[in-house]
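Listed below are the residues making up each chain.
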Amino acid sequence: MNRILDVNEKLAYVVVEPGVTFFDIYDHFQKHKINLWISVPALGWGSVLGNTVDRGHGYTPSGDRQHFIGSMEVVLPSGDILRTGQWAVPNSPSAHACSNSFGPQVDGLFLQSNFGIVTKLALHVDCAPASFMNIKVHCPEIEDISPLIDALQQLDREGITQNHAMITNINHFASHDAPKHAQQSVPGPLTPETITKLKEKYQTGYWRGSFDLYGPKELVLARWARIEGVLKEKLPTARVENTFYEGENGKPVDNRKIGTLSAGIPSMSPISLADYNLPADGTGAGAHVDTTLILPCSGKVVLEWFRKAKYIMEEQGVDPFIGCHVFPKYILFVQEYVFDKTNPRHREGGRKVVDALLTEAKNVGFANYRSHIQHMDAVQDLYGFNGHIYKRFVETLKHAVDPNGIIAPGKQGIWPTKKAGRNREGKM
Ligand SMILES: Cc1cc2nc3c(=O)[nH]c(=O)nc-3n(C[C@H](O)[C@H](O)[C@H](O)COP(=O)(O)OP(=O)(O)OC[C@H]3O[C@@H](n4cnc5c(N)ncnc54)[C@H](O)[C@@H]3O)c2cc1C
């Protein structure tokens with residue numbers, strides 16, 4: 001189960017089995033000189049199929065991976081094999097190009113799901129562009145996240161931006177360079193003095209936004225001109241920088257020269273984030289647990305939420321560790337709790353932070369899009385409209401397709417019925 005089954009360079013898709021990693025696809029494109037880019041997540045070692053069905057995201061224009069599924073092959077609990085989209089049409093030449101069905105769309109039933117095992121996935125990827133530009137926006141103050149998000153939203157409405165922007169706060173990106181003890185000797189969250197020092201060291205602000213442009217040079221430069229204008233108007237105190245790359249002799253740009261996630265280059269370097277709060281004596285084991293909420297793409301709402309999250313995290317003596325993924329209409333707001341998993345106090349702090357964030361999220365109507373297995377029931381409870389009709393409906397489907405509750409009972413808070421003897425109360 002680790003084969004790359006098909007690559008279609010013209011229609012820009014790949015067909016993979018579950019074990020294929022982002023590194024594997026990248027290496028395959030390089031080896032066979034295929035002018036495609038795969039949208040990698042922060043860590044390249046994961047499974048392309050696993051990341052897609054978990055609603056993961058990469059950083060190129062096709063980063064919102066779940067919406068770039070071409071087709072799937074699924075083994076159902078009955079043992080039947082199902083194919084979705086045009087792959088359900090025998091011998092269809094559009095099998096991997098079009099996910100439309102005739103009737104209800106069922107590929108979504110296998111995302112974050114315990115209805116079947118996906119054995120093959122067709123995923124649409126990006127064409128290597130003729131040129132590429134990375135844009136970074138350094139915003140000095142905490143409040144600047146509000147106009148930054150509104151500016152990005154405006155640029156999306158105008159059809160200017162192409163991939164989702166990633167906004168991180170200062171300790172998040174500083175963590176890729178050095179652990180906390182190297183940045184501050186006093187315990188607790190970063191002090192205003194340390195934040196000032198880090199801003200100078202990394203020549204940045206409290207927030208750093210990053211996004212990219214792809215395509216023919218004329219279009220990239222035209223988009224850039226509009227972006228520069230909007231950012232100057234909305235964020236007069238921000239520093240904006242860009243880096244431009246162009247392919248040679250009419251060929252697409254070589255992403256190895258760019259070297260970033262947003263150019264489809266897989267990496268393992270972001271894993272250093274997990275070691276950020278380890279002690280200076282070299283002991284401990286780095287870990288992180290995140291609470292990623294879906295917020296609307298509105299600067300005011302995000303700033304208000306950030307202030308609450310900051311307070312909740314600082315109460316536990318840790319920094320608000322934020323990665324804010326700005327999609328056109330919504331935001332995936334990642335709040336990382338980075339800790340030493342050998343330290344019982346850190347572990348307890350993590351539980352308190354997640355519980356407090358979920359409680360506050362419920363008060364304002366936010367919910368997670370993904371979660372650690374430990375919190376799946378709590379997150380599912382946030383989807384409570386009409387007596388949890390969503391959960392009741394999906395559990396009805398679960399019972400219909402898997403009456404014995406064989407596959408991943410309780411995944412995403414979806415449990416088999418009591419009759420199957422594997423329900424939440426029975427705990428298997
Ligand atoms: C520092 C750090 C940064 C990260 N950054 C990102 C990021 O930028 N973007 C992002 O998306 N993620 C990110 N992650 C999360 C991580 O990379 C993902 O969890 C990973 O991509 C999932 O791949 P996996 O191989 O672990 O999948 P798995 O854990 O194998 O699968 C994920 C889920 O899919 C289900 N699944 C897997 N295979 C099948 C199958 N064949 N049929 C049905 N269901 C299946 C599993 O039940 C599981 O719940 C980050 C993690 C860390 C530690």
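Residues numbered from 1 in each chain as written. Predicted model: local features only at pLDDT ≥ 70, side-chain atom pairs only at ≥ 80, totals over all residues. Heavy atoms only, no water.

Q: Give me the overall build of the chain: which residues, what numbers.
A: If you tally the helices and strands in the chain, you get 12 helices and 15 strands. Computed over the C-alpha atoms, the radius of gyration of the chain is 22 Å, within 12% of the 22 Å expected from 2.2 N^0.38 for a compact globule of 428 residues. In terms of overall dimensions, the chain has C-alpha extents of about 60 × 60 × 45 Å along its principal axes. Relative to its 428 residues, the chain shows a buried fraction of 50%. Taking all contacts inside the chain whose residues are at least 6 apart in sequence as the whole, residues at least 24 apart take part in 70%. Roughly 19900 Å² of accessible area belongs to the chain as shown, and the carbon and sulfur atoms make up 55% of that amount. Seen as two clouds, the 45 positive and the 45 negative side-chain charges of the chain have centres 3 Å apart. (Helix = DSSP H or I, 4+ residues; strand = E, 2+ residues; numbered from the N terminus. Rg over C-alpha atoms; globule rule 2.2 N^0.38 Å. Buried < 20%, exposed > 50% of the residue type's maximum accessible area, 1.4 Å probe, protein only. Contact = heavy atoms within 4.5 Å. Areas by Shrake-Rupley, 256 points an atom, 1.4 Å probe, with all protein chains shown as cover. Lys, Arg positive; Asp, Glu negative; His and termini not counted. Charge placed at Lys NZ, Arg CZ, Asp CG, Glu CD.)

Q: Mind laying out the sheet that holds strand β8 (residues 131-139), listing which residues take part and the relevant values?
A: Strand order in the open sheet formed by 8 strands is β11-β8-β10-β9-β13-β14-β12-β15, and the pairing between neighbours is antiparallel. The sheet is open, and its two borders are formed by β11 (239-246) and β15 (368-370), each paired with just one other strand. With direction set aside, neighbouring strand axes in the sheet form an average angle of 25 degrees. In the sheet, strand β9 (residues 165-169) pairs with strand β13 (residues 321-326) via 4 bridges, with the strands oriented antiparallel. Its bridge partner being in β13, Thr168 is matched across the sheet by Gly323. In the packing of helix α3 (residues 145-157) onto the sheet, contacts are made with β8, β9, β10 (207-215), β13 and β14 (330-340), and the angle to β9 comes to roughly 175 degrees. Contacting β12 (286-296), β14 and β15, helix α10 (residues 344-364) runs over the sheet at an angle of about 160 degrees to β14. (Pairing = 2+ DSSP bridges. Axes fitted to C-alpha atoms, helices over the stretch in contact; angles between N-to-C directions.)

Q: Which residues make up the pairing of β14, and what are the values?
A: Burial analysis of β14 places 10 of its 11 residues in the buried class, which makes it a mostly covered element. In terms of strand pairing, β12 meets β14 through 11 bridges, oriented antiparallel. What sits directly across from Leu295, in β14, is Ile331. In this sheet, β14 lies alongside β13 in antiparallel orientation, the contact comprising 6 bridges. From the neighbouring strand, Ile322 faces β14, where its bridge partner is Gln335.

Q: Account for the domain arrangement of the chain, with residues named and values stated.
A: Taken domain by domain, the chain holds domain 1 (4-127), domain 2 (131-374) and domain 3 (383-420). Just the C-alpha atoms count here: the centres of domain 1 and domain 2 sit 27 Å apart. Of the residues lining the interface, 24 residues belong to domain 1; the matching set on domain 2 comes to 27 residues. Both sides together, the interface formed by domain 1 and domain 2 hides about 2200 Å², and carbon and sulfur atoms give 66% of it. On the surface where domain 1 and domain 2 come into contact, there are 1 salt bridge. Here Asp54 makes a salt bridge to Arg370, at a shortest N to O gap of 3.1 Å. Inspection of the domain 1/domain 2 interface yields 7 residue pairs in polar contact (both at pLDDT 80 or more). (Domains from an automatic or database assignment. Buried area = accessible area lost by both parts, 1.4 Å probe. Salt bridge = Lys/Arg side-chain N within 4 Å of Asp/Glu carboxyl O. Polar contact = N/O pair within 3.5 Å; in protein donor to acceptor, adjacent residues only side chain to side chain.)

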